[in-house]
Amino acid sequence: MIDTLKPLLRSLKYSWLHYSAELKTRHYKDNNSTSDSRQLVFLIGCGRSGTTILGSILSHHDNISYLFEPYHLWAAIEPKTDALNLYSQIEPDLLINVNSWNETAQIRFNHLIRGYKSNKNKGVMLEKTPLNAMRIGYLNALAPKAKFIHLVRDGVDVSFSIERIASINSYKIFGKPQLNQWWGVKNSKWNALLRDGIVAGYFPDEVHHLQNHCSKAAYEWLVTLGEIDKWREYLGSRFYEITYNQLILQPETTLQNICKFLDLDSLKIGLNQAIQMIKPPNWSQANRISLPSAMCEAFNSYQEQFAFPNRAIPLKVI
């Protein structure tokens, strides 16, 4: 009975979230003002990299207001951000840059994200949406003074974690029978990643050789890091990067450094409570990913750069 009700309840939830966000945009459509003075921080990284646990930890800080994956708000700001097609049937964009900025989007952003009503007396507003790692140009246009925290995890671990979700596909929504939990309705997210990745020059001659969830996940990881690389120098002191290994092996030092980056008192995060939320590492060096040659080389280069132990192996293309 519960398993039958869950998809229906989810459908009602998403319909309500979409309706409420759209209602707010109509109410504020002629008002571009916002008095919110909170420091805006985007927590980004390829999905399954640990951004959920890090966001949850940081949300315990007395001076951080946390906004967890507000996909409905982003869809109301710009419908093409709805990569999974949770709220509409569109051809979404995954790589979004400054060219997508417009005055209407700015007004909606100011009220839906910047002006989010939760705990406005706190000094930092932390927004966590992993896909925003591929939209930094767009975010920077909307919030030119925002800071970015990037969490990067071993690409092999990320890819196999995504594979499990995409294969099990247990998250069902009534009215969306063709929903894949990771790749969206009718693979809308993958189709957008494939199209946008090719246009941006990410292995256009090799991407069509990717035939399974794991290799496609590795491609998403590569594109995410590639997009972040484009913005490192420009963002400068507004950009802070940590690895998942640092978070789980050196949690106290890592959290203190993040608080320093955000100009916050690390004592107010409740370090002991936060550290207890971090699970011991579960290394997966036995797993192997096969990727086309250029993609494999780039993947392993990143693995080496971040001191991750796993490596991809070249795919034999017939």
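Residues numbered from 1 in each chain as written. Predicted model: local features only at pLDDT ≥ 70, side-chain atom pairs only at ≥ 80, totals over all residues. Heavy atoms only, no water.

### Observations regarding the pairing of strand E1 (residues 39-44)
Consecutive side chains of a regular strand alternate in pointing toward one face of the sheet and then the other. Within E1, 5 of the 6 residues are buried, which leaves the element mostly enclosed by the surrounding structure. Bridge analysis of E1 against strand E3 (residues 124-128) gives 5 bridges, and the strand direction is parallel. Among the inter-strand pairings, phenylalanine 42 is bridged to a residue of E3, identified as glutamate 127. Examined bridge by bridge, E1 and strand E4 (residues 147-152) share 4 bridges and lie parallel to one another. Looking at the pairing, phenylalanine 42 lines up with phenylalanine 148 of E4. (Buried < 20%, exposed > 50% of the residue type's maximum accessible area, 1.4 Å probe, protein only. Helix = DSSP H or I, 4+ residues; strand = E, 2+ residues; numbered from the N terminus. Pairing = 2+ DSSP bridges.)

### Here we look at helix H2 (residues 51-58)
By the burial criterion, the buried members of H2 are Thr51, Leu54, Gly55, Ile57 and Leu58. Projected onto a plane normal to the axis of H2, the buried residues spread over an arc of 160 degrees and lie on a single side. (Arc of directions from axis to C-beta.)

### Some details on the packing of aromatic side chains
Taken as a whole and judged by the stated rule, the model has 13 aromatic pairs. Note on tyrosine 240 and phenylalanine 261: the rings are 5.2 Å apart at their centroids and 25 degrees apart in plane angle, and the pair reads as stacked. Of this pair, tyrosine 240 sits in strand E7 (residues 239-243) while phenylalanine 261 sits in helix H11 (residues 251-261), placing them 21 residues apart in sequence. A relative accessible area of 12% places phenylalanine 261 in the buried class. (Phe/Tyr/Trp six-rings, centres within 6.5 Å; stacked < 30°, edge-to-face > 60°.)

### Looking at H11
Every buried residue belonging to H11 is among Pro251, Thr254, Leu255, Ile258, Cys259 and Phe261, and all of these are buried. End-on view of H11: buried residues confined to an arc of 160 degrees, all on one side of the axis. One or two positions beyond H11, positive phi appears at aspartate 263, with a value near 60 degrees.

### Quick word on the nonpolar core
Formed by 40 residues in total, the largest nonpolar core has its most connected members in Tyr219, Trp221, Ile289, Leu291 and Phe299. Of the residues forming this core, the biggest block, 8 residues, is contributed by helix H8 (residues 213-229). Other than its neighbours up to four places away in sequence, tryptophan 221 contacts Cys46, Val152, Arg153, Asp154, Gly155, Val158, Phe299, Tyr302 and Gln303. (Core = buried A, V, L, I, M, F, W, Y, C linked by side-chain atoms within 4.5 Å. Contact = heavy atoms within 4.5 Å.)

### Brief notes about the sheet that holds E1
Taken in spatial order, the 5 strands make up an open sheet running E2-E3-E1-E4-E7, and their pairing is parallel. Bordering the open sheet on either side are strand E2 (64-68) and E7, each of which pairs with just one other strand. Averaged over all adjacent pairs, the angle separating strand axes in this sheet is 20 degrees, with direction ignored. Each of E1, E2, E3, E4 and E7 is contacted by H2, which is oriented at about 150 degrees to E2, the strand it contacts most. Relative to the sheet, helix H4 (residues 103-114) contacts E1, E2 and E3, its axis offset from that of E1 by approximately 85 degrees. (Axes fitted to C-alpha atoms, helices over the stretch in contact; angles between N-to-C directions.)

### Considerations on the environment of arginine 26
In this structure, arginine 26 sits in helix H1 (residues 2-27). Residue classification places arginine 26 among the partly exposed positions, given a relative accessible area of 47%. A sequence separation of 82 residues divides arginine 26 from arginine 108, and the C-alpha atoms of the two residues are 9.1 Å apart.

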